[in-house]
Amino acid sequence: DTGVSQDPRHKITKRGQNVTFRCDPISEHNRLYWYRQTLGQGPEFLTYFQNEAQLEKSRLLSDRFSAERPKGSFSTLEIQRTEQGDSAMYLCASTNRDTSSGNTIYFGEGSWLTVV
Amino acid sequence: RKEVEQDPGPFNVPEGATVAFNCTYSNSASQSFFWYRQDCRKEPKLLMSVYSSGNEDGRFTAQLNRASQYISLLIRDSKLSDSATYLCVALNQAGTALIFGKGTTLSVSS
């Protein structure tokens, strides 16, 4: 499978614990995005990387959230001190082209987080 | 005000019906627009891009009105398999990220 891969697909954690999600983009895609989607809402933009540089962060990305893409390939999204409101699907997407062409953006299947 | 706003839905229609979804965007600097489809508990997938001249793909027609900052999607001859959530999407001003609406749920019944 050469699509965007996310791991884990599902995570249940207790409030206050830290969680980390990993995203492996399509090989050679230099742009990588993280989105969050809660029930009944559309995906909300969190952050954007071009290669290893984090070029844009949404105000939704509070100080408990951190994302990295150390070698410009895979990326991690860490949530510290999780809260129930963090329960959502975390989507990763990648592309190697200008974002104006929406059909070149590929989403992973998402990582579902449930905070209990 | 959210950057992209859509009809609240849900839309429940019989097979064969024609259904229209509307969407407005607030940032006049947005240059590119799309409709995505999302099945339950799955990732969003591109349905079609939206152009000012209007574009059609089989039973689906998308339209953009820049003056009114309005986007539409028309589905003709609805099929059961069209049941999904349809997301209106605009490219942000910087051209770096897609901004999604809340989505409108369509349920097609036999």
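In what follows, the accompanying structure is described. Chains are numbered independently. Their residues run from 1 in the order of the written sequence. Numbering of ligands from 1 and lettering of chains from A proceed in the order in which they are written. Whole-chain, interface and lining totals are the exception, using all residues; otherwise, since this is a predicted model, local features are given only for residues with pLDDT of at least 70 and side-chain atom pairs are given and counted only at 80 or more. Side-chain numbers here rest on the full set of heavy atoms in the structure, without hydrogens or water.

Our focus in this paragraph is unusual backbone geometry. Residue and element names in this part refer to chain A. The linkage connecting Asp 7 with the following residue, Pro 8, adopts the cis geometry, with an omega of -5 degrees. Position of Pro 8 among the secondary structure elements: in the loop between strand 1 (5–7) and strand 2 (10–13). One non-glycine residue, Glu 28, lies in positive phi territory at about 75 degrees. Segments assigned H or I by DSSP are reported as helices when at least four residues long, segments assigned E as strands when at least two residues long, and all are numbered from the N terminus. Along the chain, Glu 28 falls in the loop between strand 3 (19–24) and strand 4 (31–37). Look at Glu 28 and you get exposed, because its relative accessible area is 73%. We note that Arg 81 has phi near 50 degrees; this positive angle belongs to a residue other than glycine. The residue Arg 81 is located in the loop between strand 8 (75–79) and strand 9 (88–95) in this model. When a residue's accessible area, from a 1.4 Å probe over protein chains only, is under 20% of the maximum for its type it is buried; when over 50% it is exposed; and in between it is partly exposed.

On to the sheet that holds strand 3 of chain A, then. Residue and element names in this part refer to chain A. Pairing within the open sheet is antiparallel, and its 4 strands lie in the order 1-3-8-7. Each edge of the open sheet is held by one strand with a lone partner, namely strand 1 and strand 7 (65–68). The mean inter-strand angle of the sheet, taken between neighbouring strand axes irrespective of direction, is 15 degrees. Paired strands, as defined in this entry, are two strands with at least two bridges between them according to DSSP. Inspection of the sheet shows strand 7 paired to strand 8 by 4 bridges, in the antiparallel sense. Across the sheet, residue Glu 68 finds its bridge partner in strand 8, namely Thr 76. Only the stretch in contact is used when fitting a helix axis, every axis being a line fitted to C-alpha atoms; angles between N-to-C directions are given from 0 to 180 degrees.

So, on to the environment of Tyr35(A). Residue position: Tyr35(A) is located in strand 4. Take Tyr35(A): its relative accessible area is 2%, and that puts it in the buried class. With 12 residues separating them in the primary sequence, Tyr35(A) and Thr47(A) have C-alpha atoms 7.2 Å apart. With near-sequence residues (within four places) excluded, Tyr35(A) lies in contact with Pro43(A), Glu44(A), Phe45(A), Leu46(A), Met89(A), Tyr90(A), Leu91(A), Phe107(A), Ala97(B), Leu98(B) and Phe100(B). One polar contact links the side chain of Tyr35(A) to the main-chain carbonyl oxygen of Leu98(B), over a distance of 2.6 Å. Between two residues, a contact is recorded if the distance between any of their heavy atoms is within 4.5 Å. Think of a polar contact as two N or O atoms within 3.5 Å of one another; within protein, one of them needs to be a possible hydrogen donor and the other a possible acceptor, and neighboring residues in sequence only count if both atoms come from side chains.

Ring pairs are drawn from Phe, Tyr and Trp, using the six-membered ring of Trp, whenever the two centres fall within 6.5 Å, and their geometry is named by plane angle: stacked under 30 degrees, edge-to-face over 60, tilted for the rest. Within this structure, the stated rule accounts for 11 aromatic pairs over all chains. When the centroid spacing of 5.3 Å and the interplanar angle of 35 degrees are considered together, the rings of Phe21(B) and Tyr86(B) count as tilted. In this pair, Phe21(B) is assigned in strand 3 (residues 19–25) and Tyr86(B) in strand 9 (residues 84–91), connecting sequence segments 65 residues apart. Each member of the pair, Phe21(B) as well as Tyr86(B), is classed as buried. Among the aromatic residues, ring-to-ring pairing joins Tyr35(A), Phe45(A), Phe107(A), Tyr36(B) and Phe100(B) into one connected group.

This paragraph deals with the nonpolar core. The nonpolar side chains of soluble globular proteins are, as a tendency, buried together. One finds Tyr35(A), Trp35(B), Tyr36(B), Ile71(B), Tyr86(B) and Leu98(B) to be the most contacted residues of the largest nonpolar core, which totals 42 residues. If one sorts the elements of this core by residue count, strand 9 of chain B sits on top with 7 residues. With 19 residues, the next largest nonpolar core counts Cys23(A), Leu46(A), Tyr90(A) and Val115(A) among its residues. Only buried residues count toward a nonpolar core. Its members are Ala, Val, Leu, Ile, Met, Phe, Trp, Tyr and Cys residues joined through side-chain atoms within 4.5 Å.

What follows is about the sheet that holds strand 7 (residues 60–65) of chain B. Residue and element names in this part refer to chain B. Here 5 strands make up an open sheet; going across it, the order is 1-3-8-7-6 and the pairing antiparallel. Among the strands making up the open sheet, the edge pair consists of strand 1 (4–6) and strand 6 (55–57). When the angles between neighbouring strand axes are averaged without regard to direction, this sheet yields 20 degrees. Pairing of strand 1 with strand 3, which is carried by 3 bridges, proceeds in the antiparallel orientation. Residue pairing for strand 3: Val 4 is matched across the bridge by Tyr 25.

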